[in-house]
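An overview of the molecular structure
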Amino acid sequence: MTSVAHKTLGTHDAHHAPMSFWRKYIFSTDHKIIGIQFLFVSLLFLLVGGLLAMQIRWQLGFPGKPMPGGGILPESMAAGGVILPEYYVQLVSMHGTFMVFFAIMPLLVGVYANFLIPLKLGAHDMAFPRINMASFWLALLAGLIMTASFFVPNGPIRSGWTNYAPLAARPDLSGVTVGQMLWCVSIVVLGLSSVMGSLNYITTVINHRAPGMTWFRMPLSVWALFITAILGVLALPVLQGAAIMLLFDNVLGTHFFDPVAGGQALLWQHLFWFFGHPEVYILILPAMGMVSDIIANGSRKPIFGYHSMVFAIIGIAFLGWIVWGHHMFMSGMNPTLGSSFMVSTLLIAVPSAVKVFNWLGTMWRGNLHFHVPMLNAIGFVSMFTIGGLSGIFMAATPVDIPIHDTQFIVAHIHYVLFGGSLFALFAAIPYWYPKMFGRMMHEGIGKLHFGLTFIFYNLTFFPMHIIGMGGQMRRIYDPTIYDFLKPQQPLNVFISYSAFALFTVQILFVFNFLWSLKFGKKAPQNPWNDNGMEWSLPNPAPHGNWERTPNVYRGPYEFSSPEAGDKDFLPQFVKLPTDRDPVPAPVPAGH
Amino acid sequence: MRWWLPDAGSTFAGPIDTMFLAILIITGIALVLVEVGVVTFVIRYRARPGRKAFYTHGSTRAEVIWTAIPAVTMVALGLVSNHYWVLIKDRKSVPPNAYHIGVHAKQFEWQITYPGPDGKLGTADDFTVRNQLHVPVNEPVAAELSSEDVIHSFFVPEWRLKQDAVPGMHIIAWFQATKTGEFELGCAELCGMGHYKMRARVFVHTPEEFKAWVTQQAAGGGGSE
Amino acid sequence: MTHGTQVLDQMRPPSPAEPGAGVYSNKLGMWVFLASDVMFFTALIGSYIVLRFGAPGEWAKPGAVLNVPLTAFNTFLLICSSVSMVKAFAAIQDGKKYFLRPVPGKLLRDGGLKFWLLVTMICGAGFVGVQLIEYFKLVHHGFTPAGFREGSLLAEHAAADPIKYGAAVAGLYGSTFFTMTGFHGFHVTCGVISMTYLYFTKVLPEKYSPQDYRGIEVIGLYWHFVDLVWIILFTIVYLI
Amino acid sequence: MTATNSQPSGATHKRPNYMLIWLYLFVLTVAEVSLAFELPVSRNIKLLLLLFLAVWKALLVALYFMHLKFERWRLRVIFIVPIPLAIILVSAVIMEHVR
Ligand code: HEA
Ligand code: HEA
Ligand code: CUA
Ligand SMILES: [Cu+2]
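Here we summarise the structure given alongside this text.

Thresholds applied
Residues numbered from 1 in each chain as written. Chains lettered and ligands numbered in written order. Predicted model: local features only at pLDDT ≥ 70, side-chain atom pairs only at ≥ 80, totals over all residues. Heavy atoms only, no water. Phe/Tyr/Trp six-rings, centres within 6.5 Å; stacked < 30°, edge-to-face > 60°. Helix = DSSP H or I, 4+ residues; strand = E, 2+ residues; numbered from the N terminus. Buried < 20%, exposed > 50% of the residue type's maximum accessible area, 1.4 Å probe, protein only. Lys NZ or Arg CZ within 6 Å of the ring centre and 35° of its normal. Pairing = 2+ DSSP bridges. Axes fitted to C-alpha atoms, helices over the stretch in contact; angles between N-to-C directions. Contact = heavy atoms within 4.5 Å. Near = heavy atom within 4 Å. Polar contact = N/O pair within 3.5 Å; in protein donor to acceptor, adjacent residues only side chain to side chain. Nonpolar A, V, L, I, M, F, W, Y, C, P; charged D, E, K, R; others polar.

Concerning the packing of aromatic side chains
- Taken as a whole, this structure holds 104 aromatic pairs over all chains when the rule is applied.
- Between F393(A) and F20(B), the ring centres sit 5.0 Å apart and the planes meet at 50 degrees, which makes this aromatic pair tilted. Here the residue F393(A) occupies a position in helix α14 (residues 372-395), and F20(B) occupies one in helix α1 (residues 13-44), the pair thus bridging two chains. Considered together, F393(A) and F20(B) belong to a single accessibility category, that of buried residues.
- An angle of 55 degrees between the planes, with centres 6.2 Å apart, marks the rings of Y135(C) and F177(C) as tilted. Of this pair, Y135(C) sits in helix α4 (residues 113-141) while F177(C) sits in helix α6 (residues 170-203), and the two are 42 residues apart along the sequence.
- Take F177(C): its relative accessible area is 1%, and that puts it in the buried class.
- Above the face of the W364(A) ring, R365(A) is positioned so that its terminal group lies 5.6 Å from the ring centre.
- The residue whose ring lies beneath R365(A) is F54(B), and the NZ or CZ to ring-centre distance is 3.9 Å.

Considering the sheet that holds strand β2 (residues 109-114) of chain B
All names here are of chain B.
- Taken in spatial order, the five strands of this open sheet run β3-β2-β1-β5-β8, and their pairing is mixed. The open sheet has two edge strands with one neighbour each: β3 (127-130) and β8 (171-176). Averaged over all pairs of adjacent strands, the angle between their axes in this sheet comes to 25 degrees, without regard to strand direction.
- Alignment of β2 against β3, held across four bridges, turns out to be antiparallel. For T113, the partnering residue across the bridge sits in β3 and is T128.
- Its contacts with the sheet put helix α3 (residues 207-218) on β1 (99-106), β2 and β3, and the angle it makes with β3 is roughly 105 degrees.

Quick look at the site of ligand 1
- In the vicinity of ligand 1 lie 34 residues, with Y281(A), D400(A), H404(A), H412(A) and R474(A) positioned nearest.
- Taking Y281(A), its side chain carries an N or O atom lying 2.6 Å from an oxygen atom of ligand 1.
- For the shell around ligand 1, the secondary-structure elements that each account for two or more residues are α9 (265-282), α13 (349-363), α14 and α16 (407-437) of chain A together with α1 and α2 (60-89) of chain B.
- Among the elements that make up the shell around ligand 1, the one with the highest residue count is α14(A) (eight residues).
- For the shell around ligand 1, the residue count by class is 23 nonpolar, nine polar and two charged.

If you want it as structure tokens, here you go:
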């Protein structure tokens, strides 16, 4: 019966006038193409971020030794291949900036919000396709501006991805001139792009759901992306405002963050983290959403506690607004304030617990199929938990005292961002690959990539907890000058080797990704036997998605439903004899 | 090679390390629960021909349980943490009898000012030492942190003490060393390219030694370094 | 948002959907954008409040540095533009696409969309113009984003009467004043530009009707919001 | 609620007298400006009065010109949501200075 549904719903792009290559693939307003554009660009930035990380690891593992291939770097960065202190700080700063703003954020939001929201809601496209296109080009522009800062005099920022003032506000103190301005400009442009994208997603989710796609029939991925968009629309303007003030401090001689003239150093931190913490949830919520879909699919079982999963997302997003101070416990912030921030931060463990245990509940008594997305999704659950739990140490203010700004934090960062967001992406990319390119990624290589990544990832980042407890600070060029850090240098070396291995095995992914574009095996219409609306379309989905706006008959997780008969899944678009067609809502007036 | 926090060197180390251990246990339990769950399910419920998954949309009872337990633990943890937090960081907690020293941070060095024989800061007999922190053991010391240029952070791992020095702010961080000997003071907040080498040596003396040192320094002997 | 307006027309007829916000997408999108703009101004205005609250000295007395009467007039201009904008919206709702039309028995002619939108554009442009003049005057007198310029007229005044001119915090004063009013002015400029664009592409060709007045309502929302922000700014920057 | 959907927003209610609102705004502005200059009232009272007037004016614009008074709650919340966030941010940061 499903196949019948497929035939009737699938469209062949017949009535669409053939478009030129440029209109179709470059200046496209089709949400799917825009998503794919985002995919390629941000994967490239992910690669850049990774390359920067490798140099960081070289320096931390083998301080003062000339870096292989470091000769190609200009003397101002690496004298005779030996990384210079200022360049090291720039590496760290740009690594964080690229990974957060230009790799993970666009990968999760730019790619999958764009690609999935209309497909999973049964909409023809985004509410504002052109704003959507603008959003992509602005993001690319921002990325290029940020990259450019490597090639200007004095190079890119030297104040960490957090750009704490007054260091970042005073060129005479940081030694960075143009680079700092470019950072601010790039972030303002990126913010604009994100706001454009986000208001698009919000409007689409609210106004463009196909008949029958009620709020509580939306897949968790869409819920997560929707809430993420709300965070984005409200958080990024704050960063923009802050970045603009920082820019003016640098170029106009204003004094927002410069205490010498009455400005306030902590103001920057408050503004940055008021954006920053919602930002980190922007980086995890979509991952959680897509993982929920994939785990349900892999377990052939409805998601455990759908409603509480939705409310957990909302709860995390809400709490995310009142915890930013946990980054400032040691900053001299009013200690009473610290106490309240600690409590709110700890409370985030509660909705997170709901999510983690509900994922377990979903796998419980399931019929687990370990396709590559499922493997990575399971990796996500187990690794994000570690990252989240290490967050509890830092959330407890007294314990944060010794570990703040040490490698322990760095470990946390990577357990949530790599073990969380990136594993979710390694799950999502092969999962929706057929929908994007009409071909499957290679299963064997995928599994190998997962296994090796999982191992080397843990070997790389877990020891960071220990050297962090040992007291190794973040962003230091050469740990070995401290006597109390010398003994643990061997561990640093070990981490570095693991990191190089980790980077190397990513080649498997790159190869698999690129090779499958041409030679991957053709994808059947519904390769994962999934319930989502997108699988009612041929692969790749045609421009405009559906011929007729489809109807939605049930929730997204009806796996192994008794109604499904011999099959173990029951798609949202399949009409059973017992189903009645939903009534479309009347068109709002005004146009 | 140490696998734990550095050896305790101040009165803060006790409670903080205990808290650390407590959280390690709590989170450890949570972690084991999750990971064991994952592994067992992966093995037990792997797809086998002819099996069908158990069709359920969840169980409110289970969810209430795993919402309530973390909630309770976290609130409890918050209360305990807050007790020590106030003890360590709150302004009112600085012992009245504390020995006040001035710690002035600038790119990329620590300038430590001692009250001199009269025991009062801001008087004529104060003297300043570069990148050397001398304190008496078992005596509360209050470091009055200030910064010349950018944000730095006063960090002595053995004392479990970290506090940013922020330009334009006057922050007091107090502590009481419990172990004599030589330690290191590091800067824990990125403050520029020299951040990594912004390091000072820390000497914890017996009271007598310390007095001797102070008088000798005040007499102009040694000066800085 | 003019983008959105054209785009929807190209899309298939508004996709029959679940009851959403109950308003068409452009309007919803604009409201979401305004919400995000609130956060943008929160960053600027919030910083101003915090900086002023924790400032080492007293702010300059109202009117000491800034020209309040001139700005009051400017405020008046913006309020008028808001009214004319809402009149324009009312006009198109009633299908009055014309410029002016005599009403029998009344000496005032009845304004239509073309008239009221033009009035709005003129008032808006006027606001920007006045603000530019104000900026030039201020900078000329020595009030810059960095504070009072060395050896300028204001610097001398400040030296003579530090309290009245808030000499101690002149730097913060300049920073916050120019940033906040500047970005508000930028918003106004964008509004005027997009209105002009609409005026020639949609209003003069009489594309709008009581059935489709999206562009007008959406730009109107934006415009009123900008006015609203100014009302707050005028009070806290010039009068307090 | 689907029923009300069909009616054009703005046509469901009888239109407010915009010119009257304009008059309000004008008068309030005049009041504000006159308040700003030297008056025998204490600075804090003045401050409160000014803020009160400003909020009043802002509300007039939002409710009548932006038609929030006549919209559904579904739409109103969008504009209301950021306000508590703004308050949280500012009040928390201010805490730095009240000790
Ligand atoms: C994806 C990104 C992401 C995510 C999801 C998180 C999630 C959390 N983070 Fe993290 N964080 C970062 C990214 C992220 N963080 C980054 C990048 C930094 C560094 C910024 C910088 O300085 O450069 C940082 C820094 C950071 C700090 C500042 C540390 C410091 O500088 O001193 C703190 C302190 O509280 C913190 C806490 C938390 C907490 C409590 C969570 C919680 O949301 C975690 C909740 C999850 C769980 C708790 C696990 C699952 C729950 C269970 C298994 C139930 C059982 C659990 C219990 C009963 C405890 N984070
Ligand atoms: C998502 C975010 C993310 C990711 C993925 C990573 C990945 C890595 N990070 Fe990073 N890191 C941060 C976010 C991230 N980091 C942040 C925010 C900071 C703080 C910055 C600051 O202090 O200011 C930080 C800081 C940081 C430090 C601390 C520096 C210091 O404080 O002195 C270190 C040190 O080891 C480090 C190492 C690494 C390593 C070895 C990896 C490795 O995992 C990298 C492995 C390689 C890849 C993941 C790329 C593989 C490429 C592809 C898969 C692309 C495929 C391309 C195509 C198909 C075309 N990182
Ligand atoms: Cu001083 Cu880092
Ligand atoms: Cu955080």
